[in-house]
Amino acid sequence: MKKLLAGVLIGLVCSVGTSQAQQIDRFNPDTVRTIRLDSAVVIKGTKFGLETFINAIINDTTFYEAFRNMKRYSFIAENRIFTYDKQNKVDGRIYRKIRHNNSGPYKMEYLVKEDNGKIYKKNGKYQLYTVEMFDYIFMNAYNTDFVPRSTNPTSSGKKAKGGSNESYKDKLKTLIFNPGRPIRGLPFIGNKTQIFSANTRQYYDYSFYSATYLDSIPVYRFKVAVKPDLSKWTKDGLMIKELITIFDKRNFEILGRYVDMKYSNALFDFDVQMNIEMSYFDDTKLPTKITYQGNWDYPLKKEERASFLILHKDYKKEK
């Protein structure tokens, strides 16, 4: 259960620039700002309204395609990981600069590899399972076992081949690529991701902004946030506090996704904000920025506090 929950929380990775939902008061490695809000937008009508945005979020497959499309490109990845003590002071740093070359046999060349502070145990494994999961998700995201071409992220309700590991990866895919859907087989929180159900919508406010992304792309910024006037008991029962989605106005594709989650019960306690951003290369949408800022705790285990900043650049299509 510990590994499943930790992996799922990291897997939903993250802001699309201007969210005010950051709840963890400590060093934030994300200094890259990509979006500028222009004005609030009132959207009415049956052809283009609230349901249009919600249906696009639930049914979108382009985020999944963007990760698959990485296999056709070489690129540079810069990964920065920070771990923290109980006072939220940085006690560990990891920096990786990696050249990914996908032509012919898969190649991954470390250009820079630096570790400082409390990163590893005496046996050579990572101190934090959060960091171990980072390696699994974001190193394997460039390999076939995380985003195989034969797998559809919306099929997480079916029994996956290959045992619990495959089923676990399907849960990650549903969280990453289909927020708003329930996660079957995830104890205690599986139905709490279903924020667009008829029973849950009453607890959220919806707002739209016109914005500019990466200085030139006209976008809509659609924000779903817990209503401020709810009782504390009701707020505490809602796992997803905020979900922001960035839509390209020109084709209505999703370019950015931010989520703020916080939940506590007798088995676990977590507070996580995450973000994924995309951009176009040769008219193909590809991941460019991923951030994570989170704490999670589990009985009889050390509380884990970490943040990530992942930047992808210099995409070049392989021949």
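Residues numbered from 1 in each chain as written. Predicted model: local features only at pLDDT ≥ 70, side-chain atom pairs only at ≥ 80, totals over all residues. Heavy atoms only, no water.

A. Structural detail: the sheet that holds strand E5 (residues 204-213). The eleven strands are arranged E1-E5-E6-E7-E8-E9-E10-E11-E2-E3-E4 in an open sheet whose pairing can be described as antiparallel. Where the open sheet ends on each side, the last strands, each with one partner, are strand E1 (35-40) and strand E4 (107-117). The sheet shows a mean angle of 15 degrees between the axes of neighbouring strands, direction not considered. Inspection of the sheet shows strand E10 (residues 284-297) paired to strand E11 (residues 304-317) by eight bridges, in the antiparallel sense. When the bridges of E11 are listed, Gly-294 appears paired with Ala-306. (Pairing = 2+ DSSP bridges. Helix = DSSP H or I, 4+ residues; strand = E, 2+ residues; numbered from the N terminus. Axes fitted to C-alpha atoms, helices over the stretch in contact; angles between N-to-C directions.)

B. Expanded view of the nonpolar core. With 62 residues, the main nonpolar core has Phe-196, Val-219, Phe-222, Ile-240, Phe-247 and Phe-270 as its most contacted residues. Not counting chain neighbours up to four residues away, the residues in contact with Ile-240 comprise Lys-192, Thr-193, Ile-195, Tyr-204, Val-226, Val-259, Asp-260 and Met-261. (Core = buried A, V, L, I, M, F, W, Y, C linked by side-chain atoms within 4.5 Å. Buried < 20%, exposed > 50% of the residue type's maximum accessible area, 1.4 Å probe, protein only. Contact = heavy atoms within 4.5 Å.)

C. Seen up close, the pattern of salt bridges. Taken as a whole, this structure holds twelve salt bridges when the rule is applied. For Glu-78, the salt bridge goes to Arg-80, with nearest N and O atoms at 3.4 Å. A relative accessible area of 9% places Glu-78 in the buried class. On the accessibility criterion, Arg-80 (27% relative accessible area) is partly exposed. (Salt bridge = Lys/Arg side-chain N within 4 Å of Asp/Glu carboxyl O.)

D. Main features of the environment of Phe-53. Looking at the element boundaries, Phe-53 is found in helix H2 (residues 50-59). Among the residues examined, Phe-53 registers a relative accessible area of 0% and is labelled buried. The sequence separation of Phe-53 and Phe-252 amounts to 199 residues, and the corresponding C-alpha distance is 9.1 Å.

E. Highlighting the packing of aromatic side chains. Per the counting criterion, the structure on display carries 14 aromatic pairs. With centroids separated by 5.9 Å and ring planes inclined at 90 degrees, the aromatic side chains of Tyr-73 and Tyr-315 adopt a geometry described as edge-to-face. Taken together, the residues span a long stretch of sequence, with Tyr-73 in strand E2 (residues 73-84) and Tyr-315 in strand E11 at a distance of 242 residues. This pair shows no difference in class: Tyr-73 is buried, exactly as Tyr-315 is. Seen from their ring centres, Tyr-263 and Phe-270 are 6.4 Å apart, and the 45 degrees between their planes marks the pair as tilted. A single burial state applies to Tyr-263 and to Phe-270, both of which are buried. A network of ring pairs unites the aromatic residues Phe-53, Tyr-206, Phe-208, Tyr-220, Phe-222, Phe-247 and Phe-252 as a single cluster. Here Lys-113 stacks its cationic end above the ring of Tyr-110, 4.7 Å away from the centre of that ring. For Lys-249, the ring lying beneath its charged end belongs to Tyr-220, and the centroid distance is 5.0 Å. (Phe/Tyr/Trp six-rings, centres within 6.5 Å; stacked < 30°, edge-to-face > 60°. Lys NZ or Arg CZ within 6 Å of the ring centre and 35° of its normal.)

F. Here's a closer look at helix H3 (residues 62-69). Across the eight residues that make up H3, a large majority, seven, are buried. What H3 keeps buried is the set Thr-62, Phe-63, Tyr-64, Ala-66, Phe-67, Arg-68 and Asn-69.

G. Inspection of the pairing of strand E3 (residues 90-101) at higher detail. Bridge count between E2 and E3: ten bridges; the pairing is antiparallel. Considered in E3, the bridge of Tyr-84 is made with Val-90. Here E2 folds back onto E3 in antiparallel fashion, the turn holding five residues, of which Asn-88 has a positive phi close to 65 degrees. With ten bridges joining them, E3 and E4 adopt antiparallel strand pairing. Looking at the pairing, Ile-94 lines up with Asp-115 of E4.

Remember that the coordinates give geometry; whether it matters functionally is a separate question.
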